[in-house]
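# Topology and contacts: notes
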Amino acid sequence: MRKPIVAGNWKMHFAAEEAVALADQIRLELVDEPGQCDVVLCPTFTSLNSVKNVVDGTKIGLGAQNMHWEGSGAYTGDVSAEMILTSGCRYVILGHSERRQYAFESDADVKRKAVAALNSGLIPIICVGERLEQREADQVEEIVIGQVAAAVENIDKAELNRIVIAYEPVWAIGTGRTATASQAEEVHALIRGFFVNHAGIDVAEQIRLQYGGSVKPDNAEELFSQKNIDGGLIGGAALQADSFVDIVKAAK
Ligand code: PEP
């Protein structure tokens, strides 16, 4: 039985003071919830330390939104896995479509980052998903499985059960246009099938597959009740405590 995981991607929102206030509200609203779902908050780098102080000693985990694959060096503006880990994080989002689009991140970059994250002890949340024109051209499987295969190519099979894959159709991110539960499940089942072939059924059954793309409290339960959907990566609805907490509750 896979434990669901719901992560809030706060993107480039909130300076430290606001981030602390939101994290504190989420902490308070979840304080009496049994830990049936892993909950992760992913603020900007500059708020990690402040939010860490809020979630320390609770069941809420902390994640970063990106990292470099090198451990250190002349990479101005970048942050290594070790730095993220020692800022209190257990998780890191990799290959988000906004980074693929605006920072030109490639499958090869995501592959290197995924290995570096695992080697340092971080759990990578690896984002994959097709653009609208690719869906319309019937390329969903080719694009999504291609991204998954590239991202995990150099990961030791014994380590695969630690990764999280977030299927995020690009056309559903921040658009209010959610994949239907059956559209999402169809792709999740393809991803699970890929892992069955790649690493065997036992490993495949342990890998958590999140859905992301305009998840809201009113569609979360239906999405999360699908056989291969193990929680969500949440953008817009993670920016208010009430809606994020309602989504977490839907994952139980
Ligand atoms: C995201 O950015 O990962 C995301 C899923 O955003 P939203 O929930 O706003 O679509």
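Coordinates for the structure precede this section.
The residue count restarts for each chain, going from 1 along the sequence in the order it is written. Owing to the predicted nature of the model, reporting of local features is limited to residues with pLDDT of at least 70; listing and counting of side-chain atom pairs is limited to 80 or more, with chain, interface and lining totals taken over all residues. Where side-chain values are given, they derive from all heavy atoms of the structure, hydrogens and water being excluded.

A few words on the overall build of the protein chain. Helix and strand definitions here come from DSSP, where helices need a minimum of 4 consecutive H or I residues and strands a minimum of 2 consecutive E residues; each element is numbered from the N-terminal end. Within the protein chain, the regular secondary structure consists of eleven helices and eight strands. Taken over C-alpha atoms, the radius of gyration comes to 17 Å for the protein chain, in line with the 18 Å a tight globule of 252 residues would show. Principal-axis analysis of the C-alpha atoms places the extent of the protein chain at approximately 45 × 45 × 35 Å. Put simply, the protein chain has 252 residues, and 53% of those count as buried. In this analysis, two residues are considered to be in contact whenever any of their non-hydrogen atoms come within 4.5 Å of each other. Across the protein chain, every contact between residues at least 6 apart in sequence was considered, and the portion connecting residues at least 24 apart equals 73%. What the globule rule says is 2.2 Å times the number of residues to the power 0.38, and the radius of gyration is computed from C-alpha atoms. Here the term buried applies to any residue with accessible area under 20% of the maximum for its type, exposed to any over 50%, and partly exposed to those in between, with areas from a 1.4 Å probe on protein chains only.

Moving on, we get to the site of the ligand. In these notes, residues near a molecule or strand are those with any non-hydrogen atom within 4 Å of it. As a structural note, the neighbourhood of the ligand is formed by 14 residues, with Lys 11, Glu 168, Gly 174, Ser 214 and Gly 236 the closest of them. In protein, a polar contact means a hydrogen-donor-capable atom and an acceptor-capable atom, both N or O and within 3.5 Å, with residues adjacent in sequence counting only if both atoms are side-chain atoms; elsewhere, any N or O pair within 3.5 Å suffices. Here an oxygen atom of the ligand and a side-chain polar atom of Glu 168 are 2.7 Å apart. In this structure, an oxygen atom belonging to the ligand sits 2.6 Å away from a main-chain N or O atom of Gly 174. Method for areas: the Shrake-Rupley scheme with a 1.4 Å probe, in which residue coverage is limited to the protein chains shown. Calculation on the ligand without its partners gives an accessible area of 290 Å², and the protein chains cover 98% of this total. Side-chain classes follow a simple rule in which Ala, Val, Leu, Ile, Met, Phe, Trp, Tyr, Cys and Pro form the nonpolar group, Asp, Glu, Lys and Arg form the charged group, and the remainder, Gly included, forms the polar group. Its residues assigned to classes, the shell around the ligand comprises four nonpolar, eight polar and two charged.

This next bit is on the pairing of strand 4 (residues 91-94). Put simply, side chains in a regular strand alternate between the two faces of the sheet. Across the two faces of strand 4 the burial is the same, with Tyr 91 and Ile 93 and Val 92 and Leu 94 all buried. DSSP calls a pair of strands paired once it identifies at least 2 bridges connecting them. Inspection of the sheet shows strand 3 (residues 60-64) paired to strand 4 by two bridges, in the parallel sense. Pairing of Ala 64 across the sheet is with Val 92, part of strand 4.

A pair of packed helices is captured by two measures, namely the crossing angle of their axes and the spacing between those axes. Under this scheme, a helix contributes an axis fitted over its contacting stretch, all axes are lines through C-alpha atoms, and angles between N-to-C directions fall in the 0 to 180 degree range. Between helix 5 (residues 107-120) and helix 7 (residues 140-152), the least distance of the axes is 7 Å, while the angle of their chain directions is 40°. The orientation of helix 5 with respect to helix 7, classified from their angle, is oblique. Where helix 5 crosses over helix 7, the two elements pack in a sense that is right-handed. Of helix 7, the residues touching helix 5 (which contributes Asp 107, Val 110, Lys 111 and Ala 114) are Gly 146, Gln 147, Ala 150 and Ala 151. Taken together, the residues of the contact of helix 5 with helix 7 sort by class into four nonpolar, two polar and two charged. Here is the rule for angles: anything less than 35 degrees is roughly parallel, anything more than 145 is roughly antiparallel, 65 through 115 is roughly perpendicular, and the remaining ranges are oblique. Helix crossings are classified by the rotation of the near helix relative to the far one: an anticlockwise turn of less than a right angle makes the crossing left-handed, while a clockwise turn makes it right-handed.

Within this document, salt bridges are pairs made up of a side-chain nitrogen of Lys or Arg and a carboxyl oxygen of Asp or Glu, the two lying within 4 Å of each other. For the coordinates displayed, the defined rule picks out 17 salt bridges. When the shortest N-O distance is used, the salt bridge between Glu 159 and Arg 162 registers 2.6 Å.

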